[in-house]
Structures are given as C-alpha cells and as structure tokens.
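# Examining the three-dimensional arrangement
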Amino acid sequence: MTTMNICVLGAGAWGTALAIQAARAGHDVTLWGRDAAAMAAMRVGRRNPYLPDSDLPAALALTADRGEAIAHAAQGLTIVATPMSGLRETLAALPAAQRVLWLCKGFEAGTGRLGHEIARELQPSMRVGVLSGPSFAQEVAAGRPTALVAASEDADLARAAVEAFHGDRLRVYTSVDPVGVEVGGAVKNVLAIAVGVCDGLSHAAPDAPGLNARAALITRGLAEMMRLGLALGARPETFMGLSGLGDLVLTATGDLSRNRRVGLMLAEGLALPDILARLGHVAEGVYSAPTVLDRARAVGVDMPITEGMVALLDGRLRADQAVALLMSRDARAE
C-alpha cells in the first residue's frame, strides 16, 4: 500500500470516524476542527466527545489551523466533513488543484444545489466526488463492518478513496454517478423522518400504522427518490445500491439515526424546537425537506411523502394527519 497524505476538514463524528479508519490503515492523516480548545483537548485525551468509546490513533494529527491541514493534503486527498451548510465556504477556500471528496448529504438551502453543482459553480476544474452509503459513525469508528460508495466522474479520484479507506472492516465501492449518490443521500433523511413517525404511531391505537405501513413507506419512498434522481440525470441502478436502498433502510430503521428519532418524537406530539434541543446534533432531514420538495416541484416530480413531512415539520399537520393523508391518496398503478 502506498501511504497517502489525507486531511479531514470537520471534526464531527463522521469526519473523525473516517480519519480514524484512514490512520489505522497507515496513511498520514490530519483532522481539522474549527474549535481550537476542543482540538487541544482531543490531542491530550485522544478522544472525541462525539465518539466517546473510540480512541484516536496516536498517529492521527489534530489541528485547528485549516491552512495547515489543507497544505498537508496538497498531493493527497481532502475530505470535507462539514454539514451541507458549510460545503460552499469550504470548497471556496481550497486550491483548485486539491482532490476533494465530501461526506455531507443534502441540497443546499436557498439554492437547492447538490454538492457537485456547488463544486461546478465554484471550482470547475477541481477533481471532486462524494463518499456516501449506509453508515453510522460510531460503528465505523468501532471497526464494525461497513460498505460505502465513492462516486465521481473522475475514476482516478474514486480509486483514491478506495486506497484511502478500503480495508478488512470497511469496503469502498466506486461509482461514476455522483448525481444519483447525492440524491439518495439527501432524500433518505426526509424519508427516515416519515418512517420514524409511522413507527412512533404504531402503538397509539389498534388501527394505527404498523410494520406493513413501514414497508410501504420505505418502498414508495424509494420510488420518490428515484423519480427525483432520474429527473436530475442520475442512473436508475444507483438507487438499488448502497447510497439508495442501503442508506434508506439504515437511516429509516436504525436506532442510531437522528432523522428517525425526529420522526419518533414528532409522533409523540413534541414540538420541533424541543426535539432539536433534545438531539443536540444536526438532523439533516429537518433542514433539507423543504429544499428537496422545492427542487422536485421545479422539475415536475411528485413526492407526496416528502410533501407530507414538510407540512408536518412546518406545523401544518399533526403526525397522524400526515399518515392519514398519504393513505387517502387515489389508487394508481405502481
């Protein structure tokens, strides 16, 4: 294996988990976080509070100097591990020669753009892609088996992601369809809220939604995801893969999913501000739902589950009303 210089920009749970994986694989890795005090504490304690059960490898460098981290990966690989709201600013700060993969999932608020569209606007010559798939950071940091997909129109960049992260416990597949991978990563968060609502209501009354309804939501949600993806230029087979069906099933049914937990608490009747305060972390589906719906309407794609979740998050529907509205739709061919 050839040792690679890698920087991870963003010291949240997911960025840290991948930094741990790359350092364990023997690469020269620098993890950057904007909070200097927090990074200093991590250097001393060798733990990230977002991943309290995982030690940071001794070889993993930690810094609050973003320029230092970027320079470290000038001939290697840069991983952007910020939320979607930070991708634009981060890409703008990078040299055009940098090779970049981002981890964030969603459509940009305000513009409705996906990551690759932001990159084309800001850095048209930069070699870019997305690393995604069904993955909880805690499990990756703990070394539990996981599979991801690296998607880029630049085949060499996708192979670099394999070289950086592929190992006995983390498999990395490649794709030439970043559009499909990004749409899957964005829409599944909204659908996970819907499945959480369904599961949260399942004990409310004898005729409440149950496992049948969960299966229907996941299946019809996948159809919504695919319709939007195809309208934006994605390949249909991508949605049967890791970043489509795989990520949807994990996020919609996994107990570690923040978006699912939002749905569960909405079903309890809790107000959205209280839910977000309890979570203490970003639940991307809450913020991306209206943007997903706007983008779908702009290209003439019908997304009734997403529309119902937007109305629920806005307070225009209760959880039970949102589910009832979906079940009352006219019959049609699948």
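Residues numbered from 1 in each chain as written. Predicted model: local features only at pLDDT ≥ 70, side-chain atom pairs only at ≥ 80, totals over all residues. Heavy atoms only, no water.

Put simply, the rule is: UniProt positions are given in the numbering used here, feature names are shortened, and annotations may be inferred rather than shown by experiment.
By the naming in an unreviewed UniProt entry, the protein is Glycerol-3-phosphate dehydrogenase [NAD(P)+], taken from Roseateles asaccharophilus. Per its UniProt entry, the protein bears the Sequence similarities (unreviewed entry) comment "Belongs to the NAD-dependent glycerol-3-phosphate dehydrogenase family." Here is the UniProt Pathway (unreviewed entry) comment for the protein, exactly as written: "Membrane lipid metabolism; glycerophospholipid metabolism."

## Some thoughts on the UniProt feature "domain: Glycerol-3-phosphate dehydrogenase NAD-dependent C-terminal" (unreviewed entry) in the protein
The following threshold applies: Per the convention used, a helix needs a DSSP run of H or I reaching at least four residues, while a strand needs a run of E reaching at least two, with both numbered from the N terminus.
When the UniProt feature table is mapped onto this chain numbering, "domain: Glycerol-3-phosphate dehydrogenase NAD-dependent C-terminal" (unreviewed entry) sits at residues 177-323. Structurally, residues 177-323 is divided into 71% helix and 0% strand, and its ends, taken at the C-alpha atoms, are 33 Å apart.

## Considerations on helix α13 (residues 284-298)
What counts, and what does not: Here, expected helix span is obtained from the residue count minus one, scaled by 1.5 Å. One fitted axis covers the seven residues ending at a residue, a second covers the seven starting there, and the bend at that residue is the angle between these axes. The buried label goes to any residue with under 20% of its type's maximum accessible area, the exposed label to any with over 50%, and the partly exposed label to all in between, with areas taken from a 1.4 Å probe on protein chains only. Contacts are assigned to residue pairs with any non-hydrogen atoms lying within 4.5 Å of each other.
End to end, α13 covers 21 Å across 15 residues, agreeing with the expected 21 Å (1.5 Å per residue, within 8%). The sharpest bend along α13 comes to roughly 30°, located at P290. All of the buried residues in α13 are E284, G285, V286, S288, A289, T291, V292, L293, R295 and A296. On its buried face, α13 is in contact with α5 (115-122), α8 (178-201), α9 (211-231), α11 (258-267), α12 (272-279) and α14 (304-313). In the segment just after α13, G300 is the residue with positive phi, at about 75°.

## Let's talk about the packing of α8 against helix α10 (residues 242-253)
For the record, the criterion: Orientation is described by axes fitted as lines to C-alpha atoms, over the contacting stretch for helices, and by angles from 0 to 180 degrees between their N-to-C directions. Relative orientations are named as follows: roughly parallel for angles under 35 degrees, roughly antiparallel for angles over 145 degrees, roughly perpendicular for angles from 65 to 115 degrees, and oblique for any other angle. The handedness criterion is simple: a crossing whose near helix is rotated anticlockwise from the far helix by less than a right angle is left-handed, and one whose near helix is rotated clockwise is right-handed. Throughout, the ten residues Ala, Val, Leu, Ile, Met, Phe, Trp, Tyr, Cys and Pro are labelled nonpolar, Asp, Glu, Lys and Arg are labelled charged, and all others, Gly among them, are labelled polar.
Contact geometry for α8 and α10: axes closest at 8 Å, N-to-C directions at 25°. Considering their axes alone, α8 and α10 lie roughly parallel with respect to each other. Both α8 and α10 take part in a crossing whose hand is right-handed. Across from G180, V181, G184, G185, K188, N189, L191, A192 and V195 in α8, the residues of α10 making contact are S243, D247, L248, T251 and A252. Across the contact of α8 with α10, the residue classes tally to six nonpolar, six polar and two charged.

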